[in-house]
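Examination of the molecular architecture
These are the residues of each chain, in order.
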Amino acid sequence: MTSLSDLPLRDSLRGREPYGAPQLNVPVSLNVNENTHELPDAVIKDIVKRVGEAAHGINRYPDREFEALREALAKYLGHGLTGKQLWAANGSNEVLQQIFQAFGGPGRLAIGFGPTYSMYSLIALGADTEYLDAPRGERYELTPELVREAIAKNQPNIVLLCSPNNPTGTPLSLDCIEAAYEATDGIVVVDEAYAEFANESHSAISLLPGRPRLLISRTMSKAFAFAGARVGYLAADPAVVDAMRLVRLPYHLSAFTQAAAEAALDHAEELLATVGDIRVQRDRIVRELGAMGFDPYRSDANFVLFAGVKDPTRTFTDLLAKGILVRNVGIPNTLRVTAGTEAETSAFLEALAELQAN
Ligand SMILES: *Cc1c(COP(=O)(O)O)cnc(C)c1O
């Protein structure tokens, strides 16, 4: 039997583990921040129709520039954006990878503010880019001062700001983004994977004019209920889009993906109709966990990180035995839970209350 260590693997990959949130078939799956609501039948029908139409041309390569999709994404985002300022890939993870391929590389440094999205360090590793987590303040909040300090100290080529932050849920003020942009000559990436769940919009898209090094990453995987389709996108200066073209694989977005995403964007309003309910469940989780004696962090996303868990590994396993999958992100005494439907949220809260009583 050959094992990894027998192969002439790149040194930087030796002993590493792949990304591995468990994929288990359980009744209540609240571990990877999907929108757990089902899509309306009418939307599914339209997606199937458009994908079927795309099948007729599937002997040919797809539109390499996916112009129709970029126009649709620009229209969805508003702010007067045009398709020239939009880019897309198979999930925002691929967008981030392309950013690292274009602006990272050997001898270059990327920083995030930890704890933050675990894929940043993994994507940096794959692109041979050094990565480090700068510190956050009290209760994982960030301030312009902390951002400025970290950039002055480390002189990064890429700054990653997750807004709101995964896994903590912490909102990020536009002040912090402006401070980051002024403090560096490098690339500033704002990862807005959960932007649609924010109580008040503080999207960094409003900061784009006059800031060609500012990149805003978005995804259809979360609020849009489209995780399985793998569509992430970027809003930035057209020159940044040109940089993405240098590193993307030709025809990286399949004709099926383009058709499905265009159909979904035609139904944006219906797909986002569940966001209000999800916010209600998120705020309910914060409130009820607080009342149960846990210490939930404030969240602008569709999940809640909560402290006060004596033995997270044990609680994770006990919840799983009751058919409920949450996430242990490895922060001591915490667990993270996605806000699902009202029924799923009730199942989680009731199961946790039962465990507490025993
Ligand atoms: C889920 C998530 C993404 C989205 O990844 P996709 O590849 O678009 O599915 C990006 N950033 C953060 C912080 C996330 O939590």
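Residues numbered from 1 in each chain as written. Predicted model: local features only at pLDDT ≥ 70, side-chain atom pairs only at ≥ 80, totals over all residues. Heavy atoms only, no water.

**Observations regarding the sheet that holds strand β10 (residues 303–307)**
The sheet built from 3 strands is open, its strands ordered β9-β10-β12 with antiparallel pairing. The open sheet terminates on both sides in strands that have one partner only, identified here as β9 (295–296) and β12 (334–338). With 2 bridges joining them, β9 and β10 adopt antiparallel strand pairing. By the bridge assignment for β10, P296 is matched with F306. Taken strand by strand, helix α10 (residues 275–291) contacts β9, β10 and β12, and its axis lies near 15° from that of β10. (Pairing = 2+ DSSP bridges. Helix = DSSP H or I, 4+ residues; strand = E, 2+ residues; numbered from the N terminus. Contact = heavy atoms within 4.5 Å. Axes fitted to C-alpha atoms, helices over the stretch in contact; angles between N-to-C directions.)

**Quick word on the environment of S12**
Mapped onto the secondary structure, S12 falls in the segment before β1 (28–29). Residues S12 and G126, spaced 114 residues apart in sequence, show a C-alpha to C-alpha distance of 8.6 Å. Filtering out sequence-adjacent residues up to four positions away, S12 remains in contact with L125 and D128.

**Some details on helix α4 (residues 119–126)**
For α4, the set of buried residues is M119, Y120, I123, A124 and L125. Contact partners of the buried residues in α4: α3 (92–103), β4 (130–135), β5 (158–162) and β6 (187–191). Looking one or two residues beyond α4, the residue adopting positive phi is D128, at roughly 55°. (Buried < 20%, exposed > 50% of the residue type's maximum accessible area, 1.4 Å probe, protein only.)

**Overview of the environment of D283**
By secondary structure assignment, the location of D283 is in helix α10. Overall, the relative accessible area of 34% leaves D283 in the partly exposed class. Spatially, the C-alpha atom of D283 lies 8.8 Å from that of V304, the residues being 21 residues apart in sequence. Polar side-chain contacts of D283 include one of 3.0 Å to the side chain of R282. (Polar contact = N/O pair within 3.5 Å; in protein donor to acceptor, adjacent residues only side chain to side chain.)

**Overview of the domain arrangement of the chain**
One can read the domain layout of the chain as domain 1 (21–39 + 273–357) and domain 2 (41–266). Using C-alpha coordinates to define each centre, domain 1 is positioned 26 Å away from domain 2. The partner domain 2 presents 26 residues to the 23 residues of domain 1 that form the contact. Of all residues in domain 1, the largest losses of buried area upon contact with domain 2 belong to L39, R298 and D300, amounting jointly to 35% of the total for that side. Seen at the junction of domain 1 and domain 2, the total is 2 salt bridges. Joining domain 1 to domain 2, the criterion identifies 15 residue pairs in polar contact (both at pLDDT 80 or more). Looking at the side of domain 1 that touches domain 2, the elements that each hand over two or more residues are α10, β9 and β10. Split by residue class, the side of domain 1 that touches domain 2 holds 11 nonpolar, 5 polar and 7 charged. (Domains from an automatic or database assignment. Buried area = accessible area lost by both parts, 1.4 Å probe. Salt bridge = Lys/Arg side-chain N within 4 Å of Asp/Glu carboxyl O. Nonpolar A, V, L, I, M, F, W, Y, C, P; charged D, E, K, R; others polar.)

**Focus on the nonpolar core**
Note on soluble globular proteins: their nonpolar side chains tend to be buried together. Core analysis: the biggest nonpolar cluster contains 75 residues, and I99, F113, L161, L214, L215, M220 and L234 have the highest contact counts within it. The residues contacting L214, other than those within four sequence positions of it, are I177, Y181, V188, V190, A204, L207, L208, A235 and A236. Listed in part, the 30 residues of the second largest apolar core include L30, L289, F294 and F316. (Core = buried A, V, L, I, M, F, W, Y, C linked by side-chain atoms within 4.5 Å.)

**Looking at the site of the ligand**
Taken together, 13 residues sit near the ligand, with S92, Y194, T219, S221 and K222 positioned nearest. Take N166: an N or O atom from its side chain is 2.7 Å from an oxygen atom of the ligand. R230 is positioned such that a nitrogen or oxygen atom in its side chain is 2.8 Å from an oxygen atom of the ligand. Contact with the protein chains hides 94% of the accessible area of the ligand, taken as 390 Å² for the molecule alone. Split into classes, the residues belonging to the shell around the ligand amount to 4 nonpolar, 6 polar and 3 charged. (Near = heavy atom within 4 Å. Areas by Shrake-Rupley, 256 points an atom, 1.4 Å probe, with all protein chains shown as cover.)

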